[in-house]
Amino acid sequence: MAQDSAPQAPSAAPATPARALLPTLVPALLVGVVSSLVLLGVSAAAEQLQDVLWQNVPDALGVGRYSVLWMFVVLVATGIAVGLVVWKVPGHAGPDPATTGLDAPVLPPAVLPGLLLATAFMLAGGPSLGPENPIIAVNVSLAVWLGAKAVPRAPEQGWVALAEAATIGALFGTPVAAALVISEALAGRRIEGRLWDGLFAPLAAAGAGALTATLVSRPSFDLHLPPFGQPDWGDLLAALVIASAGALLGICAVYALPYVHGAFRRLRHPMLMLPAGGVVLGALAALGGHLTLFKGLDEITVLAHDPEGWSAGEFATMTVVKLAALLVATSCGFRGGRVFPAVFVGTALGLCAHALLPGVHPAVGVSAGVLGILLAITRQGWVSLFVAAVLVASPGILALLCLASLPAWLLVTGRPQMQLRADGTAVR
């Protein structure tokens, strides 16, 4: 029988030679260090201002640090401060935060000071948003601007990928999260060379950003929950139910976003929208307590330190209030991201399940709750799995989370995202 002599197509794209990858290493490391320092600088400034607003001033005035009156005062004042920045500072602190996600737009340099100032005010004042979206936008814009001056022929998208990876690495204290985000973003795209070739420079930037953050601030996401051993069938059932419940809860917020956003947009002016948002956030804080303020990472450690310290009703109240606060803060114009507050929502949901059914292990409840909420809000499967897993830091939880992600994903896929277009309609 005659053999087919036609040449066979290669089974995979050819690898990029090392001589092409090596020159990207130094720029990637520089972007990683600078991006991490920007994040750490804004966070440190916000923490100093937070201490003044929530400790020094109320102590000097003789009012309770987290009394209902003081929470209203600070949240409304924060709305006024951010409103002034959005109104008067050049660039108006960037685009509407409800229209942005982790894939940040490239902004003109003149916009960045106002965006940093609005972010610092928000982080210090207590609205339920994190630093991720605005800091990624700042770092991406700086990298593109400075990169174009240093290496004019380099493509803009390369600098964008480096800055996004560096900031995500710094936010989570590990380059793994950045690698997962980039791998998910590259899915379905035609790339030159192997996947790891495309990840080489971003992974270097993420590693430099994570190491810089670790050396300076030593971030940790492990909640030190009671140790979790080998899973059983009850754990699997709990993970499936709680992750699905978290996804459904997140979908409720996703569908509500265009309506809440539209209600605040009817006020038309930032000096009306943001103070009004501060009033609503003050009312929510009065209902949910001071643990529902801020981005939520410090607060979830308080919850996890004593899983038996609150009733199921109290955990349920914190879950709903925090999600509502996230929705309001996003809609009224505060500059910030939605990932970290969503982690608080999932944590409170998981501990609520544990309080209702003590047989639900706290680690299973927390990780499954966080997984479901993040899948609905971010639509990033790998990042949702990663964040849920690192909160518990137990190898036995991974198989449960992978299985629990399947029904949760079926609930969220094809539905709108928690992000709007410029015309106010939801992104799918």
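Residues numbered from 1 in each chain as written. Predicted model: local features only at pLDDT ≥ 70, side-chain atom pairs only at ≥ 80, totals over all residues. Heavy atoms only, no water.

### Section: the overall build of the chain
Helices and strands together make up the secondary structure of the chain, namely 16 helices and zero strands. For a compact globule of 428 residues, the expected C-alpha radius of gyration is about 22 Å, and the chain comes in at 22 Å, within 12% of that figure. For the chain, the C-alpha atoms occupy an extent of roughly 90 × 55 × 40 Å along the three principal directions. Evaluated residue by residue, the chain yields a buried proportion of 52% over its 428 residues. The contacts in the chain between residues at least 6 apart in sequence include a share of 78% that link residues at least 24 apart. Put simply, the chain shows about 18900 Å² of open surface, and 67% of that area lies on carbon and sulfur atoms. (Helix = DSSP H or I, 4+ residues; strand = E, 2+ residues; numbered from the N terminus. Rg over C-alpha atoms; globule rule 2.2 N^0.38 Å. Buried < 20%, exposed > 50% of the residue type's maximum accessible area, 1.4 Å probe, protein only. Contact = heavy atoms within 4.5 Å. Areas by Shrake-Rupley, 256 points an atom, 1.4 Å probe, with all protein chains shown as cover.)

### Here's the deal with the nonpolar core
Counting 132 residues, the largest nonpolar core has Phe172 and Phe334 as the members making the most contacts within it. Once you skip the residues sitting within four places of it in the chain, phenylalanine 334 turns out to touch Thr78, Gly79, Val82, Pro97, Met122, Pro127, Leu129, Leu274, Gly278, Leu281 and Ala329. (Core = buried A, V, L, I, M, F, W, Y, C linked by side-chain atoms within 4.5 Å.)

### Observations concerning the state of the cysteines
On inspection of all chains with the given rule, the structure shows zero disulfides. The closest cysteine sulfur to the non-disulfide-bonded cysteine 252 is located on cysteine 352, 15 Å from its own sulfur. Relative accessible area serves as the criterion here: at 51%, cysteine 252 is assigned to the exposed category. (Disulfide = S-S within 2.5 Å.)

### Observations concerning helix α9 (residues 233-265)
For α9, with 33 residues, the first-to-last C-alpha span of 48 Å sits near the 48 Å given by 1.5 Å per residue. Where α9 begins, the side chain of aspartate 232 points an oxygen toward the backbone nitrogen of glycine 234, at a separation of 3.1 Å. (Expected span 1.5 Å × (residues − 1). Polar contact = N/O pair within 3.5 Å; in protein donor to acceptor, adjacent residues only side chain to side chain.)

### Notes on the layout of surface pockets
Counted as a void, the second largest pocket has a volume near 800 Å³. In terms of lining residues, the second largest pocket is bounded by 35 residues, among which Ser43, Glu47, Lys295, Leu297 and Asp298 are the most central. At the level of elements, α2 (25-61), α4 (112-125), α6 (156-172), α8 (195-217) and α11 (297-305) are the ones that each hand at least two residues to the lining of the second largest pocket. With 10 residues, α2 is the largest single contributor of residues to the lining of the second largest pocket. In terms of residue class, the lining of the second largest pocket is made up of 20 nonpolar, seven polar and eight charged. (1 Å grid on protein atoms, 1.4 Å probe; cavity = no way out; pocket = protein on both sides within 12 Å on 5 of 7 lines; lining within 4 Å. Points joined across faces, edges and corners; volume = space filled by probe spheres on them. Nonpolar A, V, L, I, M, F, W, Y, C, P; charged D, E, K, R; others polar.)

### Some points on the side chain of glutamate 299
Along the chain, glutamate 299 falls in helix α11. Summary of buried charges: glutamate 299 has no salt-bridge partner, and the nearest side chain of opposite charge, lysine 322, is 5.8 Å away. With residues near it in sequence (within four places) discarded, glutamate 299 still touches Leu291, Leu293, Phe294 and Phe344. (Lys, Arg positive; Asp, Glu negative; His and termini not counted. Salt bridge = Lys/Arg side-chain N within 4 Å of Asp/Glu carboxyl O.)

### Describing the packing of helix α13 (residues 339-356) against helix α14 (residues 362-378)
Closest axis-to-axis distance for the α13/α14 pair is 7 Å, and the angle between their directions is 140°. With respect to α14, the element α13 is oriented oblique. Crossing of α13 over α14 shows right-handed handedness. On α14, the residues that touch Val339, Ala342, Val343, Val345, Gly346, Thr347, Leu349, Gly350, Leu351 and His354 of α13 are Pro362, Gly365, Val366, Gly369, Val370, Ile373, Leu374, Ile377 and Thr378. Residues belonging to the contact of α13 with α14 are distributed by class as follows: 12 nonpolar, seven polar and no charged. (Axes fitted to C-alpha atoms, helices over the stretch in contact; angles between N-to-C directions. Parallel < 35°, antiparallel > 145°, perpendicular 65-115°, else oblique. Left-handed = near helix turned anticlockwise from the far one by under 90°.)

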